[in-house]
Amino acid sequence: MPATVIVGLQWGDEGKGKTTDFLAEQVAMVVRYQGGDNAGHTVVTGDEVFKLHLVPSGVLYPHITSVIGTGVVVNPATLITELDMLSGRGIDVSRVRVSRSAHVIMPYHVALDRANEARLAGSKVGTTGRGIGPAYGDRAWRIGLRMEDLLDREVLRTRISQVIPDKNLLLGNMGAEAFSVDALVDQAAAWGDRLAAHIDDATWLVQAALARGEHVLLEGAQGTLLDLDHGSYPYVTSSNPVAGGACTGGGIGPLQVDEVMGVMKAYATRVGSGPFPTELTDAIGLGIAERGHEVGTTTGRPRRVGWFDAVPLRYAVAVNSVSSIMLNKLDILSGLPTLRLGVGYEVDGRRLDHWPSSAQAIERAVPIYEDFPGWEEPIHAVRSLADLPENARRYLTALEDLAGVPIVLVSVGPERTQTIERAWRPMRHRSGVALS
Ligand code: GDP
Ligand code: IMO
Ligand code: MG
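Residues numbered from 1 in each chain as written. Chains lettered and ligands numbered in written order. Predicted model: local features only at pLDDT ≥ 70, side-chain atom pairs only at ≥ 80, totals over all residues. Heavy atoms only, no water.

Caption draft 1: Geometry of the overall build of the protein chain. Secondary structure summary: the protein chain contains 12 helices and 20 strands in total. Over its C-alpha atoms the protein chain spans a radius of gyration of 22 Å, differing by no more than 12% from the 22 Å that the globule rule assigns to 436 residues. Principal-axis analysis of the C-alpha atoms places the extent of the protein chain at approximately 65 × 50 × 40 Å. Across the 436 residues in the protein chain, those meeting the buried criterion constitute 59%. A fraction of 77% describes how many contacts in the protein chain between residues 6 or more apart in sequence connect residues 24 or more apart. With an accessible surface of roughly 17,200 Å², the protein chain has 53% of that area assigned to carbon and sulfur atoms. Distance from the positive charge centre (41 side chains) to the negative charge centre (50 side chains) of the protein chain: 2 Å. (Helix = DSSP H or I, 4+ residues; strand = E, 2+ residues; numbered from the N terminus. Rg over C-alpha atoms; globule rule 2.2 N^0.38 Å. Buried < 20%, exposed > 50% of the residue type's maximum accessible area, 1.4 Å probe, protein only. Contact = heavy atoms within 4.5 Å. Areas by Shrake-Rupley, 256 points an atom, 1.4 Å probe, with all protein chains shown as cover. Lys, Arg positive; Asp, Glu negative; His and termini not counted. Charge placed at Lys NZ, Arg CZ, Asp CG, Glu CD.)

Encoded structure:
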């Protein structure tokens with residue numbers, strides 16, 4: 001049985017939590033493959049709202065094994081808080097597993113992230129301040145701590161003693177406070193005691209599930225346009241949200257992936273700095289932000305809002321080999337007389353139809369729009385494509401044509417059941433399938 005990758009096609013916050021929760025009903029295991037607690041994934045069931053930062057969004061189902069994979073950077077304090085929150089709300093967390101090899105976000109990573117952003121001032125990335133960049137940096141430099149290290153006080157003391165003089169020097173230069181080795185060792189060992197029962201060999205768990213013929217979902221965090229390699233550097237995160245990241249971070253090979261479901265919303269948002277050609281700073285944008293509750297799940301920052309941009313969509317479909325799409329938040333566009341869809345750019349007087357790799361080029365891009373008539377009526381209660389207003393269907397078809405892959409699920413509200421299933425079948429590769 002196959003693995004299915006769920007990947008954000010925009011700048012994050014596309015509704016990956018809702019998509020994962022929706023699909024998780026049919027699978028045995030959900031694996032987070034990259035990122036850390038910079039992510040904020042929302043799952044809504046009935047009147048209950050769950051905001052998850054590290055634990056995969058399948059955790060609400062009792063049959064799911066939830067795995068935090070090797071490619072994730074884990075802040076143990078966040079993980080403990082999240083497990084306690086879930087248990088407190090009656091969710092069984094005994095099947096949550098975290099990779100022995102996942103790297104740990106230490107308090108000095110968080111302090112370095114924040115001090116560096118303060119130093120960059122006007123040219124800051126606008127990070128979530130969760131220590132993501134410094135933790136991945138130490139991983140690449142081979143001076144990081146892994147989850148398994150939390151279980152061995154001697155290893156902790158050796159490795160923390162090796163890095164702390166340099167970290168304190170750097171922090172001191174940026175006017176931030178120093179850390180004590182003893183306090184960090186005590187803190188990390190306490191995290192290890194608390195999390196010992198959850199620390200496991202994630203790669204073998206995933207491989208064993210696939211070998212048993214179980215269906216595994218791999219849940220991406222952030223989105224394609226924030227990818228370290230494929231986003232608009234330096235305004236990116238420090239990991240690979242793209243589908244390829246599910247292989248390295250989840251411990252599977254490319255041929256074990258059967259389907260890549262791209263998740264996008266009916267308009268665009270971005271948190272933090274960086275180019276955003278179709279950004280709306282007028283009353284229309286404010287209205288969409290208000291109706292869509294576009295406030296960061298992790299940081300509470302207002303999200304920047306814009307029209308849907310099909311230029312990076314084509315790019316995202318290509319670099320992820322997307323085979324199907326879930327379109328979220330179509331309901332938020334009800335009531336707009338005209339919808340604009342970015343279909344190309346003009347850069348320095350020349351038409352550009354592909355997403356440029358350079359942030360500077362994107363900064364200069366002026367969008368070329370196609371306009372679509374909107375629809376008035378609310379669509380939260382619609383459960384079949386045929387019952388959508390005609391103009392909503394036209395907009396959907398335009399998005400699908402531009403993407404070149406079928407939109408198989410359409411979401412019309414945050415709740416699990418507010419979902420239109422279009423010719424839906426258990427997940428199998430569907431590229432080339434035309435849907436009516
Ligand atoms: P993620 O990071 O990709 O999981 O997305 P977030 O959870 O950060 O942000 C998506 C927000 O939109 C959450 O508050 C969801 O509950 C909400 N949401 C998801 N799908 C829909 C939808 O179709 N309609 C509406 N109105 N809200 C949605
Ligand atoms: P989910 O999984 C939206 C953004 C930050 C910043 C950049 C780098 O909920 O979609 P980082 O803290 O990762 O070093 O910040 O990436 N960012 C996100 N934006 N959704 C997210 O996650 C994000 N995670 C990071 O705002 O621009
Ligand atoms: Mg989010």
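Caption draft 2: Spotlight on the environment of Ala 178. On the secondary structure map, Ala 178 appears in the loop between helix H5 (153-173) and helix H6 (181-195). With a relative accessible area of 58%, Ala 178 lands in the exposed category. In this structure the C-alpha to C-alpha distance between Ala 178 and His 198, which are 20 residues apart in sequence, comes to 31 Å.

Caption draft 3: A look at the coordination of the magnesium ion (ligand 3). The protein atoms donating to the magnesium ion (ligand 3) are Asp 13 (OD) and Gly 40 (O), with metal-donor distances spanning 2.0 to 2.2 Å. Of this pair, Asp 13 sits in the loop between strand S1 (3-8) and helix H1 (16-24) while Gly 40 sits in the loop between strand S2 (29-32) and strand S3 (41-45); the two residues are 27 residues apart in sequence, bridging distant segments of the chain. (Donors = N, O, S within 2.8 Å, 3.2 Å for Na, K, Ca; no water.)

Caption draft 4: Fine view of empty space enclosed by the protein. In this structure the tally under the stated criterion is two cavities of 30 Å³ or more. If you add up the space inside the largest cavity, you get close to 60 Å³. If you trace the largest cavity, you find it lined by Val 59, Tyr 61, Pro 62, Ile 64, Ser 66, Asp 92, Arg 95 and Val 96. Grouping the constituent residues of the lining of the largest cavity by class yields five nonpolar, one polar and two charged. The calculated volume of the second largest cavity comes to roughly 50 Å³. As for the second largest cavity, its lining consists of Leu 9, Gln 10, Trp 11, Leu 225, Ala 268, Phe 308, Asp 309, Pro 312 and Leu 313. Taken together, the elements giving at least two residues each to the lining of the second largest cavity come down to strand S14 (308-309) and helix H10 (310-320). Taken together, the residues of the lining of the second largest cavity break down into seven nonpolar, one polar and one charged. (1 Å grid on protein atoms, 1.4 Å probe; cavity = no way out; pocket = protein on both sides within 12 Å on 5 of 7 lines; lining within 4 Å. Points joined across faces, edges and corners; volume = space filled by probe spheres on them. Nonpolar A, V, L, I, M, F, W, Y, C, P; charged D, E, K, R; others polar.)

Caption draft 5: Focus on the sheet that holds S1. Strand order across the open sheet formed by 10 strands is S9-S7-S5-S2-S10-S1-S11-S15-S19-S20, with mixed pairing between neighbours. Among the strands making up the open sheet, the edge pair consists of strand S9 (199-200) and strand S20 (419-421). Those strands touched by H1 are S1, S2, strand S10 (216-219), strand S11 (257-265), strand S15 (324-328), strand S19 (407-411) and S20, and its axis lies near 175° from that of S10. Where helix H12 (residues 390-403) meets the sheet, it contacts S11, S15 and S19, and its direction lies at approximately 140° from that of S19. (Pairing = 2+ DSSP bridges. Axes fitted to C-alpha atoms, helices over the stretch in contact; angles between N-to-C directions.)

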